[in-house]
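Structural characterization, general
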Amino acid sequence: MVLDAAILSADLPALLRESGHVDLARRWEQEAAIAGTAPWDSASSAVAGMPTPSDLRQEVLAAIEGTQAGAGLFSVPSVHDIGAALRATEAEALVYLVPGLEGRSGLAILVDSDATARVAPLPALRADDGPIETFRQCQRNLLTAAADDVASARQQWSSALTALCRWAWSAGIGPVLDNLVGTRPGRPGRVVLAPVGTLGAVPWHAACRAVPGGVRYAGQDAILSYAASARQFVDAARRQHRPWHAEPALVRVRASGLHWDTREMAEIRAHCYPGCTVLGAADDPVTPTAVTALLPGADDDDASVVHLSCHGEHAPVPVDSSLLLDDGSRLYVRDVLRHARGRRADASGGLVVLATCVSDLTDSAHDEALTLATTFLVAGGSGVVGARWPVADLPTALFMIMFHHYLNSGYPQPATALRATQLWMLDPDRRLPEGVDTKLAGPMRRAGLADVANWAAFTYQGH
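Residues numbered from 1 in each chain as written. Predicted model: local features only at pLDDT ≥ 70, side-chain atom pairs only at ≥ 80, totals over all residues. Heavy atoms only, no water.

At glutamate 90, a position not held by glycine, the phi torsion is positive, near 55°. For glutamate 90, a relative accessible area of 44% puts it in the partly exposed group. (Buried < 20%, exposed > 50% of the residue type's maximum accessible area, 1.4 Å probe, protein only.)

The structure is reproduced here in C-alpha cells:
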C-alpha cells in the first residue's frame, strides 16, 4: 500500500515544513481539519479496487519523495519480509481484510509465514453493511452523550456491538480462520489482522457464532492481534525487547480519579514487578516529559514495560488525541511523534500498556490509523496494548492485573498473554492467581467480566 508506513512518518506537516514546503503543510492541515483526519486515502490502488490519491496527496507524495520521510512512506515490505516477520513473531499469517465496494465482493489477502500469498473472496464483507455503520454511530453517540443520556446511549451501543460481533464471524473472520485451519494442529495459531477502511472499527477477536450452550468467539480459536499495515508489523517484529521484569515502570495519574487504579497498580507491582519505577505514587505530578522519558531516546533504552493508568481523549484530528495527565497537562500524539524523531534506530523497544479509554480508537480513518496506541509503536515500542472504546474502571483493573500475571507466568508474548486474559474473563469458574489480594474476589464476581464490552475492548499490536 502506498501509505503502508505513513504512520511512521511522524508529524507530516512538520516534515513538510522542514523540507521547505510550508504552503503544502498549511493546505494539508486545512484539509485535515475539514475531513476530521489526515487526508490520505485509507487504502491505495495497490489493493484491488481501492481509489487513488487526490491531487493534494499526490503533491505531498511528490514533495517528500527522495527524502528520509519519503523513504519510509514508499518502502512497502515484500512478501518475503512479511514472512520473515511472521516467523520472528511465531505468527501463522498476516491478513488484509478488504471490504467490497460498489457491488464488488470483499476479500482477504493472506500472507503465510512461508511467504506465500493468496486471495480468498469474502462476498458478505462490505464496508456499507448496516452493522458497521450502526455500531460507529452508536459509538459516536456514546462518546458525546450528556450525563443524563449515557445509560441509554450505552445500552444502544451494547446492542450494536453484539450485532456487529455476530456479523463479523460470518462476513469475515470465520472464512479466514477456515482458510488457515490445520497450519498448526493442536494449538491456536497467531493471526495478524490488517483491516482496511471502516473494517478497522470491528473487534474481530470478538466475532462470534452460536454453539450448543451459548456462543464461541474468534479469540477462543486463534490468537488475534492487529496491525495498521504490513510495514508497521514488519518494523515492530524486528525490535527485540528485554525481559519484562528488567526495567518496568508504572504510571498512575492521580488526577484521573479512577477508583480502582490504586489497587490495580499495587497488585501489578507486588505480584509482577517488585521494585519497579512508579510515577504518580508520591506528590510529584505525572507530566508529559516524565512519560516520554520512559520511551526510547537518543541515549538510553526505554523501560521494558510502561503501564499507564489514566484517561485518554480521542480527537477528530489524530495528532490532537491525548493522554490526560496531572495538573491539567496532556501528552499529545504529536508530542510522542516529535520525541520519536530523536531516538536511536537500534533503541530497544518496550511494551506499552494503555489501561486507558479509547486509546486505540480512530473515528474516521480506521485503517493506516494513527491512534494513541499506534503512536507508541512509532516511538519505538515493541508492542502496545490499547482500548477500542470506553472501558469501566473495575473490569479494567482486573483485566490488567491478570494480563501482567500471564505475561510473567508462562505467556511471555503479549499477544498470547492478552488472549489468556480474555479467556480468563470469559471463564465462569475464573479464580484469582495465588498472591493476588483475596479481597478482590468479591468485586470480581460482581464486575460482569464476561460481558464482551469489558474484555473485547483491548487489542494488541506489535512484535
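On we go from here.
Covered by surrounding structure in strand 7 (residues 223–226) are Ile223 and Ser225 together with Leu224 and Tyr226, the residues of both alternating faces. Bridging between strand 4 (residues 190–195) and strand 7 involves four bridges; their strand directions are parallel. Counterpart to valine 192 in the pairing with strand 7 is serine 225. (Helix = DSSP H or I, 4+ residues; strand = E, 2+ residues; numbered from the N terminus. Pairing = 2+ DSSP bridges.)

Turning next to the environment of alanine 303. With respect to the helices, strands and loops of the structure, alanine 303 is situated in the loop between helix 10 (288–292) and strand 10 (305–309). For the pair alanine 303 and arginine 242, spaced 61 residues apart in the sequence, the C-alpha separation amounts to 9.0 Å. Not counting the four nearest positions on each side in its chain, alanine 303 is found in contact with Arg242, Glu247, Ala249, Leu294 and Gly350. (Contact = heavy atoms within 4.5 Å.)

Turning our attention to the state of the cysteines. Inspection of every chain in the model, using the stated rule, returns zero disulfides. Its sulfur unpaired, cysteine 272 is 9.7 Å from the next cysteine sulfur, which belongs to cysteine 276. (Disulfide = S-S within 2.5 Å.)

Once that is clear, we can look at helix 9 (residues 261–271). Listed as buried for helix 9 are Asp261, Glu264, Met265, Glu267 and Ile268. Around the axis of helix 9, the buried residues are gathered within 165° of arc, so they sit on the same side. Here the buried face of helix 9 lies against strand 8 (248–252), strand 10, strand 14 (351–355) and helix 13 (393–407). (Arc of directions from axis to C-beta.)

The next point concerns the pairing of strand 2 (residues 106–112). Taken across its seven residues, strand 2 has six buried, putting it largely inside the fold. Both strand 1 (residues 91–98) and strand 2 contribute to a ladder of six bridges, which runs antiparallel. Within strand 2, the position partnered with alanine 93 by the bridge is aspartate 112. In this sheet, strand 3 (residues 117–122) lies alongside strand 2 in antiparallel orientation, the contact comprising six bridges. What sits directly across from glycine 106, in strand 3, is leucine 122.

Attention now goes to the pattern of salt bridges. Taken as a whole, this structure holds twelve salt bridges when the rule is applied. Of the charged contacts in the structure, one is a salt bridge between aspartate 221 and arginine 209, with a shortest N-O distance of 2.7 Å. One end of the pair, aspartate 221, is in the loop between strand 6 (214–217) and strand 7; the other, arginine 209, is in strand 5 (residues 208–211), and twelve residues separate them in sequence. Arginine 252 is the partner of aspartate 261 in a salt bridge, and the nearest nitrogen-oxygen pair spans 3.3 Å. Classification of aspartate 261 as buried rests on a relative accessible area of 0%. One connected set of salt bridges, linked through shared partners, spans Arg209, Arg216 and Asp221. (Salt bridge = Lys/Arg side-chain N within 4 Å of Asp/Glu carboxyl O.)

What follows concerns the nonpolar core. If you look at soluble globular proteins, the nonpolar side chains tend to sit buried side by side. Ranked by internal contacts, the top residues of the largest apolar core, which has 90 residues, are Leu97, Trp167, Ile173 and Trp204. Counting residues per element, this core draws most heavily on helix 7 (residues 150–180), which supplies 14 residues. Membership of the second largest hydrophobic core comes to 31 residues, among which are Ala303, Val319, Leu372 and Ala373. (Core = buried A, V, L, I, M, F, W, Y, C linked by side-chain atoms within 4.5 Å.)

The next thing to look at is the side chain of serine 229. Relative to the helices and strands, serine 229 resides in the loop between strand 7 and helix 8 (230–237). In terms of polar contacts, serine 229 uses its side chain to reach the backbone amide nitrogen of glutamine 232, at 3.1 Å. (Polar contact = N/O pair within 3.5 Å; in protein donor to acceptor, adjacent residues only side chain to side chain.)

What follows concerns the packing of aromatic side chains. Under the definition given, this model contains seven aromatic pairs. Here the aromatic rings of phenylalanine 135 and tryptophan 157 are separated by 6.2 Å at their centres, their planes lie at 40°, and the arrangement is tilted. Highlighted residues: phenylalanine 135 in helix 6 (residues 130–144) and tryptophan 157 in helix 7, separated in sequence by 22 residues. Residue phenylalanine 135 is classed as buried on the basis of its relative accessible area, which comes to 2%. Using a relative accessible area of 1% as the deciding quantity, one classes tryptophan 157 as buried. Look at tryptophan 157 and tryptophan 389: their rings are 5.3 Å apart centre to centre, the planes differ by 70°, and that puts the pair in the edge-to-face class. Taken as a pair, tryptophan 157 in helix 7 and tryptophan 389 in the loop between strand 15 (383–387) and helix 13 lie far apart in primary sequence, 232 residues in all. With respect to class, tryptophan 157 is no different from tryptophan 389; both count as buried. Ring-pair connections join several aromatic residues into one group, and the members of that group are Phe135, Trp157 and Trp389. Above the ring of tyrosine 332, the side-chain terminus of arginine 334 is found at 4.3 Å from the ring centroid. The ring of tyrosine 226 is capped by arginine 388, whose NZ or CZ atom sits 4.6 Å from the centre of that ring. (Phe/Tyr/Trp six-rings, centres within 6.5 Å; stacked < 30°, edge-to-face > 60°. Lys NZ or Arg CZ within 6 Å of the ring centre and 35° of its normal.)

Right, let's get into the sheet that holds strand 12 (residues 322–324). The strand order 11-12-13 describes an open sheet built from three strands, whose pairing is antiparallel. With one partner strand each, in any of the chains shown, strand 11 (311–313) and strand 13 (330–332) form the two edges of the open sheet. Strand-to-strand twist of the sheet, defined as the mean angle between neighbouring strand axes without regard to direction, takes the value 25°. Bridging between strand 11 and strand 12 involves three bridges; their strand directions are antiparallel. In the sheet register, histidine 311 faces strand 12, and the bridge partner there is leucine 324. (Axes fitted to C-alpha atoms, helices over the stretch in contact; angles between N-to-C directions.)

Turning our eyes to something else, we now look at the packing of helix 5 (residues 79–88) against helix 8. Viewed as axis vectors pointing N to C, helix 5 and helix 8 meet at an angle of 50°, and their least axial separation amounts to 9 Å. When the axes of helix 5 and helix 8 are compared, the pair comes out oblique. Of the two elements, helix 5 crosses helix 8, and the hand of that crossing is left-handed. Where helix 5 abuts helix 8, its residues Asp81, Ile82, Ala85, Leu86 and Ala88 lie against Ala230, Phe233, Val234 and Ala237. Among the residues making up the contact of helix 5 with helix 8, the classes are represented as eight nonpolar, no polar and one charged. (Parallel < 35°, antiparallel > 145°, perpendicular 65-115°, else oblique. Left-handed = near helix turned anticlockwise from the far one by under 90°. Nonpolar A, V, L, I, M, F, W, Y, C, P; charged D, E, K, R; others polar.)

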